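# Notes for the structure review
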Amino acid sequence: MADFQVVVADPESGTTYQRDVDGQDANRFLGKSIGEEADGGAVGLDGYTVEITGGSDDAGRPMRGDVSGPNLKEVLLDGGTGYKPSRDGERKRVTVRGGEVSDATAQLNVKISERGDESVEDLLGDGGEDEE
């Protein structure tokens, strides 16, 4: 059973909201890749659509959209997600996770792509805090 933390970004207000998602709601994200859209009801945004922008696994390895599948892969990077070179021309082999959401995903980053009728603030509460 998949469960992960979803960080929802609101591009209009610049606010982020963190939600723990498990069970059937988490299953709505499984198998989707970076750049794909999902129903916002999974994170408490009924009537909204969210777009997957990235994520990481339990060890902190980032998901990369240009690596297919959900598995780990060692890739030679010269910058971008997962590696920041300290000088020009520097490259490094880095272990990253593919861009597909799987059970190994611990955190998922999404942004609101289509808005619903109610405001985000009313649906998710205060920005940056979990309501428990």
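Structural data are supplied above this passage.
For clarity, every value in this text was computed on a predicted model and none was experimentally measured. (Residues numbered from 1 in each chain as written. Predicted model: local features only at pLDDT ≥ 70, side-chain atom pairs only at ≥ 80, totals over all residues. Heavy atoms only, no water.)

## Describing the overall build of the chain
Using the following cut-off: Helix numbering and strand numbering both begin at the N terminus, where a helix is a DSSP run of H or I of at least 4 residues and a strand a DSSP run of E of at least 2. Just to be clear, the radius of gyration here is over C-alpha atoms, and the globule rule we use is 2.2 Å times residues to the power 0.38. Buried, partly exposed and exposed residues are distinguished by accessible area as a fraction of the type maximum, computed with a 1.4 Å probe on protein chains only: under 20%, between the cut-offs, and over 50%, respectively. In short, Shrake-Rupley with a 1.4 Å probe defines the accessible areas, and a residue's cover is counted only from the protein chains shown.
If you tally the helices and strands in the chain, you get two helices and seven strands. Helices (α) and strands (β) of the chain occur, in sequence order from the N terminus, as β-β-α-β-β-β-β-β-α. Compactness check: the chain gives a C-alpha radius of gyration of 16 Å against a globular reference of 14 Å for 132 residues, within 12% of the reference. Across the 132 residues in the chain, those meeting the buried criterion constitute 36%. Counting only carbon and sulfur atoms, one obtains 37% of the accessible surface of the chain, whose full area is about 7400 Å².

## Re the environment of G31
Our working rule: Residue contacts are defined here by distance: any two heavy atoms, one from each residue, within 4.5 Å place the two residues in contact.
Mapped onto the fold, G31 is located in the loop between α1 (24-27) and β3 (37-39). Taking the C-alpha atoms as reference, G31 lies 25 Å from Y83; in sequence the two are 52 residues apart. If we skip the residues at most four places from it in the chain, G31 touches E100 and V101.

## Comments concerning the pattern of salt bridges
This is how the line gets drawn: The rule for a salt bridge is simple: a side-chain nitrogen of Lys or Arg has to be within 4 Å of a carboxyl oxygen of Asp or Glu.
Enumeration according to the criterion identifies eight salt bridges in this entry. The salt bridge partner of R28 is D25, with a shortest N-O separation of 3.7 Å. What you see here is one network of salt bridges that share partners, running through D10, E12 and R115.

## Here we look at the side chain of S102
Assignment of secondary structure puts S102 in the loop between β6 (92-97) and β7 (105-114). For S102, a relative accessible area of 15% translates into the label buried. Setting aside its immediate chain neighbours within four residues, S102 contacts F4, L30 and P70.

## A closer look at the side chain of T49
Within the secondary structure, T49 sits in strand β4 (residues 49-57). Residues contacting T49, with those up to four places away along its chain left out, are E37, A38, G40, K111, I112, S113 and E114.

## So, the packing of aromatic side chains
We apply this condition: Two aromatic rings, drawn from Phe, Tyr or Trp (for Trp, its six-membered ring), form a pair once their centres lie within 6.5 Å of each other, and the interplanar angle then sorts them: stacked below 30 degrees, edge-to-face above 60, tilted otherwise.
If you walk through the whole model with that rule in mind, you get one aromatic pair. Ring centres of F4 and F29 lie 6.2 Å apart, and the angle between their planes is 65 degrees; on these two criteria the pair is classed as edge-to-face. Placement of the pair is F4 in strand β1 (residues 3-10) and F29 in the loop between α1 and β3, with a sequence separation of 25 residues. Like F4, the residue F29 is buried in the burial classification.

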